[in-house]
Amino acid sequence: MPNIYQQSPVNATDEGGKLFTADSAHVQQQFQFVLEDSPLAIYTCDKDGYLNFYNQSAVKLWGTMPILGKDLWCGSWKIYYPDGREMLLSECPMARTLREGRAMDNEEITIETPDHIFKRVLVSPRPIFDKENNLIGAHNTLIDISDKVLVESRQAVLSAIVESSDDAIISKDLSGTIISWNAGAQRMFGYTEQEILGKSITKLIPAARLKEEENILKQIRSGNKVDHFETIRVSKFGKDIPISITVSPVKDSYGNIIGASKIARDISEQIEAQNIIRENARNLELLNSIGKILLANLDVNTLLQQVTDATTKITGAAFGAFFYDSTNADEDAFLRYTLSGASREGFEKFKSSKEAGIFKQIFVEGKVIRIDDVTKEAPCKQLAGQDGLLPEHLRILSYLSIPVRSTAGMIIGTLIFAHPKAGVFKSEHEDMVGSIAAQAGIAIENSRLFEEVKALSSKKDEFIALASHELKTPLTTIKGYLQVISRKNQDSLSKMFVDKSLYQVQKLNTLISDLLDISKIEAGKLQFNLERFNLTIVLQEVLETFPYTNTSHEIIFDVNSEECLVLADKQRIEQVIINLLTNAIKYSPSADQVHVSIKNEGELVTVRIKDQGIGLKAEHLNKIFTRFYRAEGVGNVSGLGIGLHLTKEIVDRHNGHINVVSEYGKGSEFYFSLPRVNELS
Ligand code: ADP
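Criteria and cut-off values
Residues numbered from 1 in each chain as written. Predicted model: local features only at pLDDT ≥ 70, side-chain atom pairs only at ≥ 80, totals over all residues. Heavy atoms only, no water. Pairing = 2+ DSSP bridges. Helix = DSSP H or I, 4+ residues; strand = E, 2+ residues; numbered from the N terminus. Near = heavy atom within 4 Å. Polar contact = N/O pair within 3.5 Å; in protein donor to acceptor, adjacent residues only side chain to side chain. Areas by Shrake-Rupley, 256 points an atom, 1.4 Å probe, with all protein chains shown as cover. Axes fitted to C-alpha atoms, helices over the stretch in contact; angles between N-to-C directions. Contact = heavy atoms within 4.5 Å. Phe/Tyr/Trp six-rings, centres within 6.5 Å; stacked < 30°, edge-to-face > 60°. Buried < 20%, exposed > 50% of the residue type's maximum accessible area, 1.4 Å probe, protein only. Lys NZ or Arg CZ within 6 Å of the ring centre and 35° of its normal. Salt bridge = Lys/Arg side-chain N within 4 Å of Asp/Glu carboxyl O. Parallel < 35°, antiparallel > 145°, perpendicular 65-115°, else oblique. Nonpolar A, V, L, I, M, F, W, Y, C, P; charged D, E, K, R; others polar. Patch = residues over 30% accessible without salt bridge, like charges linked within 9 Å, V, L, I, M, F, W, Y side chains within 5 Å. Left-handed = near helix turned anticlockwise from the far one by under 90°. Core = buried A, V, L, I, M, F, W, Y, C linked by side-chain atoms within 4.5 Å. Arc of directions from axis to C-beta.

Asks: Explanation requested: the pairing of strand S13 (residues 257–266) in the structure shown.
Replies: The side chains of a regular strand alternate between the sheet's two faces. Taken together, the six bridges between strand S9 (residues 168–173) and S13 define a ladder with antiparallel strand orientation. Across the sheet, the residue bridging to Ile170 is Lys262, located in S13. Examined bridge by bridge, strand S12 (residues 240–251) and S13 share nine bridges and lie antiparallel to one another. Each residue of the ladder has a partner; that of Ile243, found in S13, is Asp266. Counting the residues between successive antiparallel strands, the hairpin from S12 to S13 contains five residues, one of them, Gly255, with a positive phi of roughly 90°.

Have a look at this one:
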């Protein structure tokens, strides 16, 4: 037992008789035990304020053990008013009760223990009187409300957080009825607390998404949390709000799920940011693809159309147009244009003088013009559709025009974009289209140059075709006369001259035929008469007749009795073999042999012609098959550079392929393959 028992207020009881009213000593003792053991802190003072009793709970509360008969009014180390000011002991509720002889109820004070623990306490001191109604002391009950205060202050903090949150914080019961609604929810959805409490949460859910709520409630009933669920809710004013919601089950003190708390965050800005990122990525992709188009395309019309399409897409315009050659002084109307997003009919009636008003600035002066609402700016009303520029339904408000200039700064054309909504075009659109326009200017110039070169080249082809045709006729006549003379008896000198002349005529004839073939290829008119034949035999025949005209080299045929069937134009394939053989001899002046072989190789038949001549450097290998190309170092070997081009065309058009392996100074091997056919196919 603590010494409290030794210090029990026997005198007070005896004197006052009010504290212990029972007669029996037994009851008195029991009563004393009750006081001692009470979970409430209880103490008493005599009329002068000296403590004469306190129980165990009071010691616990104070954190100290005051000295009975010596310490005054209160056992606390220090006491404070609820607002934090220190309270003099003489001002404590017990002191006041003794001074004023009246009871006090639930006075709130803060006490501090010697080890500086602060406790919120409710004190209720009551005076004690004797039979003659003289004040003989007072007793006091202290209730520690620190925990309650803590809970309350936590709750206050929580509700302050809930109230001040930008997020909507809502709670609902398991049937979906809203039971709490914070200021954030009001800001987000527009309903006041009064309007929405007791209503169903479905009020916020668009009809098409009602199923979501069923699923959420299902999750909640099974005790699960729904985390960062992105969806759309609708405000009081019918506006769709993209939100991210987190819904958690709310449990009662027994752990039963009784509802759900829901935190909704407006993610409009986030979605907008994502859209901007997506849009930027898309624009980058587009810019990239435009770059490629501009580099790869040499056809002006395709180029203009693709630039129009891509820039219309980038600006988000309802339609875009590219007027070009618009600075042509003789032309008053804009006749040449490409369109994107609008029909040509919509433009047919459009005829406006580019020398007037805003059109002069756009087309002649090449000004960049960006307008948010053309109807609001007097000089721009011209653009608003009155000139039959657009179909009725597409009257424009937003307008953007960007000039496309040549490298020399001349205006090639103008890109124009429009939209029926106001304020659609931003400065970034202006920048992006501006940079595309700069590239497009160069590309258009290039493609125009290319068109010019193409036109010149086709004139040249026409000339070659015509000239070779004109040459062929007199040559045929000369050849005829020479053949007649060669059949006549003549002296050996004359015969030699005639034969040499015939040989040269033959060479000239082949050259002219090749030139004619080339022009036929260019015009797509080279015809083939396909037949199935054994290429080995054709090769043998060519090789047998070849030595009569070429005596400088021995042609060694790697004899192969294999049947190598192909479906091809016999004469053209002969031409291929003769071309390759002639080259092998021509380009190996210091050698005296040419090796020829033929072989079935899987699905192909391959003919190889190998010389020990001048060979080719690696950088020439892939160019010698192009028209008129002659590798350097051919010296005084005559030629036009058309034989291999023709040869390759013939082989390619038989679905075959031709190639060369060569070592400079050592020799070359040309080989071509044709698809192999069998007897029955
Ligand atoms: P040409 O012989 O009339 O110049 P070709 O088209 O037959 O035209 O050949 C093109 C070029 O390829 C030749 O000018 C020559 O540089 C090179 N070439 C062709 N055949 C050989 C070969 N067998 N060895 C070395 N170079 C060759």
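Asks: What exactly am I supposed to notice about the site of the ligand here?
Replies: Around the ligand, a shell composed of 21 residues is seen, among which Asn583, Tyr587, Arg630, Ala631 and Leu644 lie nearest. One of the side-chain N or O atoms of Asp611 is found 3.0 Å from a nitrogen atom in the ligand. Against a free-state accessible area of 530 Å², the protein chains account for coverage of 97% of the ligand. The set of elements that each furnish at least two residues to the shell around the ligand consists of helix H16 (570–586), helix H18 (643–652) and strand S25 (667–675).

Asks: When you look at the sheet that holds strand S16 (residues 369–371) in this model, what are you seeing that I'm missing?
Replies: Pairing is antiparallel across the open sheet formed by five strands, whose spatial order is S15-S14-S18-S17-S16. Among the strands making up the open sheet, the edge pair consists of strand S15 (337–340) and S16. Each adjacent strand pair in this sheet contributes to an overall mean axis angle of 15°, direction not counted. Relative to strand S18 (residues 411–419), strand S14 (residues 319–324) runs antiparallel, the two being bridged by six bridges. Considered in S18, the bridge of Gly320 is made with Phe417. The strands touched by helix H13 (residues 427–487) are S14, S16, strand S17 (398–405) and S18; relative to S17, the strand with the most contacts, the crossing angle is about 35°.

Asks: What's the story with the sheet that holds S12 in this structure? I'm lost.
Replies: Taken in spatial order, the five strands make up an open sheet running S10-S9-S13-S12-S11, and their pairing is antiparallel. Where the open sheet ends on each side, the last strands, each with one partner, are strand S10 (178–181) and strand S11 (226–234). Direction aside, neighbouring strands of the sheet carry axes that sit 30° apart on average. Set on the sheet, helix H8 (residues 210–221) makes contact with S9, S11, S12 and S13; between it and S11 the angle comes to about 150°.

Asks: How should the packing of aromatic side chains be read in this particular structure?
Replies: Given two aromatic rings, one states the distance between the centres and the angle between the planes to describe the pair. Using the criterion set out here, one finds six aromatic pairs in the structure. Judged by centre distance (5.8 Å) and plane angle (75°), the ring pair of Tyr54 and Trp62 falls under edge-to-face. For the pair formed by Tyr54 and Trp62, the shared burial category is buried. Geometrically, the ring pair formed by Phe625 and Phe670 is edge-to-face, given 6.4 Å between the ring centres and 70° between the ring planes. Here Phe625, found in the loop between helix H17 (618–621) and H18, pairs with Phe670, found in strand S25; they are 45 residues apart in sequence, far enough to count as distant. On the basis of relative accessibility, which here comes to 9%, the residue Phe670 falls in the buried class. Here a set of aromatic residues connected by ring pairs shows up, and it is made of Tyr43, Tyr54 and Trp62. Positioned over the ring face of Tyr81 is Arg85, at 4.3 Å from the centre of the ring.

Asks: Explain the side chain of Thr231 here, please?
Replies: Turning to its location among the elements, Thr231 is positioned in strand S11. Side-chain polar atoms of Thr231 contact the side chain of Arg209, separated by 3.1 Å. Here the side chain of Thr231 touches Glu212 through a polar contact of 2.8 Å, side chain to side chain. Filtering out sequence-adjacent residues up to four positions away, Thr231 remains in contact with Arg209, Glu212, Ile241, Pro242, Ile243 and Ile245.

Asks: So what exactly am I meant to see when it comes to H18 here?
Replies: Residues spaced three or four apart along an α-helix face the same direction, because each turn holds 3.6 residues. Listed as buried for H18 are Leu644, His645, Leu646, Thr647, Ile650 and Val651. On its buried face, H18 is in contact with helix H14 (492–522), H16, strand S24 (657–663) and S25.

Asks: Can you help me understand the pattern of salt bridges in this one?
Replies: Where charged atoms of side chains with opposite charge meet at close range, the side chains can pair. In this structure the tally under the stated criterion is 25 salt bridges. A salt bridge links Arg126 to Asp105, with the nearest nitrogen and oxygen atoms 2.7 Å apart. A residue pair is termed long-range when its members are at least 10 positions apart, and Arg126 in strand S7 (residues 126–129) and Asp105 in the loop between helix H4 (93–100) and strand S5 (107–112) qualify at 21 residues. A relative accessible area of 51% means that Asp105 is categorised as exposed.

Asks: I'm lost on the packing of helix H10 (residues 300–315) against H13 in this one. Help?
Replies: Angle between the axes and distance between the axes: these two values describe a pair of packed helices. Packing of H10 against H13 brings their axes to within 10 Å, and their N-to-C directions diverge by 175°. Taken together, the axes of H10 and H13 are roughly antiparallel relative to one another. For the pair H10 and H13, the contacting residues are Val300, Leu303, Leu304, Val307, Thr311, Ile314 and Thr315 in the first and His429, Met432, Val433, Ile436, Ala440, Ala443, Ile444, Ser447, Arg448 and Glu451 in the second. Its residues assigned to classes, the contact of H10 with H13 shows 11 nonpolar, four polar and two charged.

Asks: What should I look at first to understand a nonpolar patch on the surface in this one?
Replies: A contiguous nonpolar surface patch, about 280 Å² in accessible area, is contributed by Val157, Leu158 and Ile161. By the element assignment, Leu158 lies in helix H5 (residues 146–164).

Asks: Mind showing me how you'd approach the packing of H14 against H18 here?
Replies: Packing of H14 against H18 leaves a shortest axis separation of 10 Å and a crossing angle of 50°. The angle between the axes of H14 and H18 places the two elements in the oblique class. Our pair here, H14 against H18, has a crossing hand that is left-handed. When H14 is examined against H18, the residues Asp514, Asp517, Ile518, Ile521 and Glu522 are found in contact with a partner set consisting of His645, Leu646 and Glu649.

Asks: What is the right way to look at the side chain of Lys172 in this model?
Replies: By secondary structure assignment, the location of Lys172 is in strand S9. Residue classification places Lys172 among the buried positions, given a relative accessible area of 1%. Among the polar contacts made by the side chain of Lys172, one reaches the side chain of Glu213 at a distance of 2.7 Å. Non-local contacts of Lys172, meaning those with residues more than four positions away in its chain, are made with Thr177, Ile178, Ile179, Ile201, Glu213, Ile216, Leu217, Val247, Gly259, Ala260 and Lys262.

Asks: Help me understand the nonpolar core in this model?
Replies: Where a protein is soluble and globular, its nonpolar side chains tend to be buried together. Core analysis: the biggest nonpolar cluster contains 45 residues, and Leu535, Ile577, Leu581, Val596, Ile609 and Phe672 have the highest contact counts within it. Contacts of Leu535, omitting those with residues within four sequence positions, involve Cys564, Val566, Ile573, Ile577, Ile598, Val605, Val607 and Leu674. One finds Ile314, Leu400, Val424 and Ala437 within the second-largest nonpolar core, a separate group that totals 27 residues.

Asks: I would appreciate a short explanation of the pairing of strand S6 (residues 118–123) in the present structure.
Replies: As defined by bridge partners, S5 adjoins S6 across six bridges and the pair is classed as antiparallel. Residue pairing across strands places Glu112 opposite Phe118, the latter belonging to S6. Following S5, the chain reverses through five residues before pairing antiparallel with S6; His116 in that reversal takes a positive phi of roughly 60°.

Asks: Mind showing me how you'd approach helix H15 (residues 535–545) here?
Replies: Of all the positions in H15, only Leu535, Thr536, Val538, Leu539, Val542 and Leu543 are classed as buried. One face of H15 carries all of its buried residues, which in axial projection span an arc of 165°. Facing away from the buried side of H15 by more than 90 degrees, the exposed set consists of Glu544 and Thr545. If you check the start of H15, you find a side-chain oxygen 3.0 Å away from the backbone N of Thr536, and it comes from Asn534.

Asks: Whenever I open this one, unusual backbone geometry confuses me. Can you help?
Replies: Glycine aside, residues mostly have negative phi, and peptide bonds are mostly found in the trans state. The backbone of Asn133 shows a phi angle near 70°, a positive value even though the residue is not glycine. With respect to the helices, strands and loops of the structure, Asn133 is situated in the loop between S7 and strand S8 (135–144). By relative accessible area, Asn133 is classed as exposed at 54%.

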